[in-house]
Amino acid sequence: FAARGHIEISTTPFYHPILPLLCDTNIAEVAHPYVPLPQRFCYPEDAREQLIRARKFMQETFGVAPAGLWPSEGSVSDDALRLAAEAGFQWTASDNGVLARTIHKDGGPANTYRPYKWSSCGNELRMIFRDHHLSDLIGFVYSRMDPEDAANHFLTQIRNNCRDILAQGRDALVPVILDGENAWEYYDRNGRPFLAELYRGILRDPHMAAVTVSEAMKHFEPAPL
C-alpha cells in the first residue's frame, strides 16, 4: 500500500516513552506550573536512542525510513522536536489543544487546518495538529452508527468547518489522527463498510481529496510556530 502511494507509514518512539519527560521532567512545569514533580530526570540521549531505534526498525521492516513521527500521546517540546529533526524525521504531529496553548489562539479550524513549521538552531520540522473532535468521532462514536450515516455526518462536519476558510481563498488541510486506541474492533467488519463509504464520499466531492501527510506538505505553505 505504501509503495502504491495509498498510505504513508509513520512511527512512534521505539518503546513509546513520553519524549519531553525523558528529555527533562522539569518541562512539565511549562504546561502545569507548580505541579508536584519527582527528582529531576534528564536523559535526552535516551530520547535520541528511542527515535533512532524506531526509525531503524521501520527501515529494516518496510525498506523505507519513515518521514513522519507521531510522538507518544502527541507530547512535544522544543528538545524533543530538535532530537526528532536530528534523527531525520521531516514531519510530526500533535493535538490542536497543544497548538492553541502554543500560539495563544483558539484551536478552531482556521488555525488547525493548516501545516506549521517548527524551527530552532538550524533544525526544522513540519507539524500538523489533529482536529480532536473529528478524530474522537471516529474513535468513539461512529462505531455505533450506520456506516453510510456516519460517513455522511463526518464529511458534513468537514464541509461546515471549512466553509469560512475556503471563502477566504485558502485550501484547508484537515488532520484526523486516532490517538492510540484501536477503534476498528468496535466497528462492523473492522470498519471496512464505514471506510468504504467515507472514501466513496470523498471521491464524489470535487472539492475534497484524501492525501498522506507528506503529500500535503508539498501543497501547503506552512505557517511559522
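Up top is the structure.
All right, on to the overall build of the protein then. Counting its regular elements, the protein contains ten helices and five strands. By the compact-globule yardstick of 17 Å for 225 residues, the protein fits well, its C-alpha radius of gyration being 18 Å. Here the C-alpha coordinates of the protein stretch approximately 50 × 40 × 35 Å along the principal axes. Within the protein, the proportion of its 225 residues that are buried is 39%. Restricting the contact set of the protein to residue pairs at least 6 apart, pairs at least 24 apart contribute 67%. Total accessible area on the protein stands at roughly 13100 Å², and carbon and sulfur atoms take up 52% of it. Charged side chains in the protein number 22 positive and 29 negative. The centres of these two groups are separated by 4 Å.

In this section: the side chain of Arg55. Along the polypeptide, Arg55 turns up in helix α3 (residues 44-62). Despite being buried, Arg55 has no salt bridge partner; Glu8 is the closest side chain of opposite charge, sitting 9.3 Å away.

Moving on: the nonpolar core. If you look at the biggest cluster of nonpolar residues, it comprises 19 residues, and the most contacted ones within it are Ala47, Leu51, Ala84, Phe89 and Leu125. Going through the elements one at a time, α1 (19-23), α3, α4 (78-86), β3 (116-120) and β4 (123-130) are the ones with two or more residues in this core. Top contributing element to this core by residue count: α4, with five residues. Setting aside residues up to four positions removed in sequence, Leu51 forms contacts with Pro13, Leu19, Leu69, Leu83, Ala84, Ala87 and Phe89.

With that settled, the discussion passes to the layout of surface pockets. There is about 980 Å³ of room inside the second largest pocket. In terms of lining, the second largest pocket is formed by 29 residues, of which the most central are Val30, Ala31, Val76, Ser77 and Val98. Elements with a minimum of two residues in the lining of the second largest pocket: α1, α2 (28-31), α4, β2 (91-95), α5 (96-103), β3 and β4. Of the residues belonging to the lining of the second largest pocket, the class tally is 15 nonpolar, eight polar and six charged.

The next point concerns the environment of Gly201. Structurally, the position occupied by Gly201 is in helix α9 (residues 192-204). The spacing of Gly201 and Leu155 is 46 residues in sequence and 7.5 Å in space, taken between C-alpha atoms. Each residue touching Gly201, except ones within four places of it in the same chain, is listed here: Leu155 and Arg159.

A few words now on the packing of helix α8 (residues 147-167) against α9. The interhelical angle for the contact between α8 and α9, taken along N-to-C directions, is 40 degrees, at an axis separation of 8 Å. In terms of axis orientation, α8 runs oblique to α9. Viewed along their axes, α8 and α9 form a crossing whose handedness is right-handed. Contacts between α8 and α9 pair Pro147, Glu148, Ala150, Ala151, Phe154, Leu155 and Arg159 from the former with Pro193, Phe194, Glu197, Leu198, Gly201 and Ile202 from the latter.

With that out of the way, let us pick up unusual backbone geometry. Even without glycine at this site, His104 takes up a positive phi of about 60 degrees. Given the relative accessible area of 70%, His104 is considered exposed. One non-glycine residue, Asn190, adopts positive backbone phi at about 55 degrees. Turning to its location among the elements, Asn190 is positioned in the loop between α8 and α9.

A separate point is the pairing of β3. Pairing of β3 with β4 involves five bridges; the strand directions are antiparallel. Bridge pairing in β4 places Tyr116 opposite Met127. Remark: two residues form the turn of the hairpin made by β3 and β4, two consecutive strands paired antiparallel; Cys121 in that turn has positive phi of roughly 50 degrees. One ladder, built from two bridges, connects β3 with strand β5 (residues 223-224); its direction is parallel. Paired with Lys117 across the bridge in β5 is Pro224.

Here the focus is the sheet that holds β3. In spatial order, the strands read β1-β2-β4-β3-β5; together these five strands make up an open sheet with mixed pairing. Two strands in the sheet have a free side with no partner beyond their single neighbour: β1 (68-69) and β5. The sheet strands contacting α4 are β1, β2, β3 and β4, and the helix crosses β4 at an angle near 115 degrees. Set on the sheet, α5 makes contact with β2, β3 and β4; between it and β2 the angle comes to about 90 degrees.

Reading guide: rules and limits
Residues numbered from 1 in each chain as written. Predicted model: local features only at pLDDT ≥ 70, side-chain atom pairs only at ≥ 80, totals over all residues. Heavy atoms only, no water. Helix = DSSP H or I, 4+ residues; strand = E, 2+ residues; numbered from the N terminus. Rg over C-alpha atoms; globule rule 2.2 N^0.38 Å. Buried < 20%, exposed > 50% of the residue type's maximum accessible area, 1.4 Å probe, protein only. Contact = heavy atoms within 4.5 Å. Areas by Shrake-Rupley, 256 points an atom, 1.4 Å probe, with all protein chains shown as cover. Lys, Arg positive; Asp, Glu negative; His and termini not counted. Charge placed at Lys NZ, Arg CZ, Asp CG, Glu CD. Salt bridge = Lys/Arg side-chain N within 4 Å of Asp/Glu carboxyl O. Core = buried A, V, L, I, M, F, W, Y, C linked by side-chain atoms within 4.5 Å. 1 Å grid on protein atoms, 1.4 Å probe; cavity = no way out; pocket = protein on both sides within 12 Å on 5 of 7 lines; lining within 4 Å. Points joined across faces, edges and corners; volume = space filled by probe spheres on them. Nonpolar A, V, L, I, M, F, W, Y, C, P; charged D, E, K, R; others polar. Axes fitted to C-alpha atoms, helices over the stretch in contact; angles between N-to-C directions. Parallel < 35°, antiparallel > 145°, perpendicular 65-115°, else oblique. Left-handed = near helix turned anticlockwise from the far one by under 90°. Pairing = 2+ DSSP bridges.

Geometry only, nothing functional implied.
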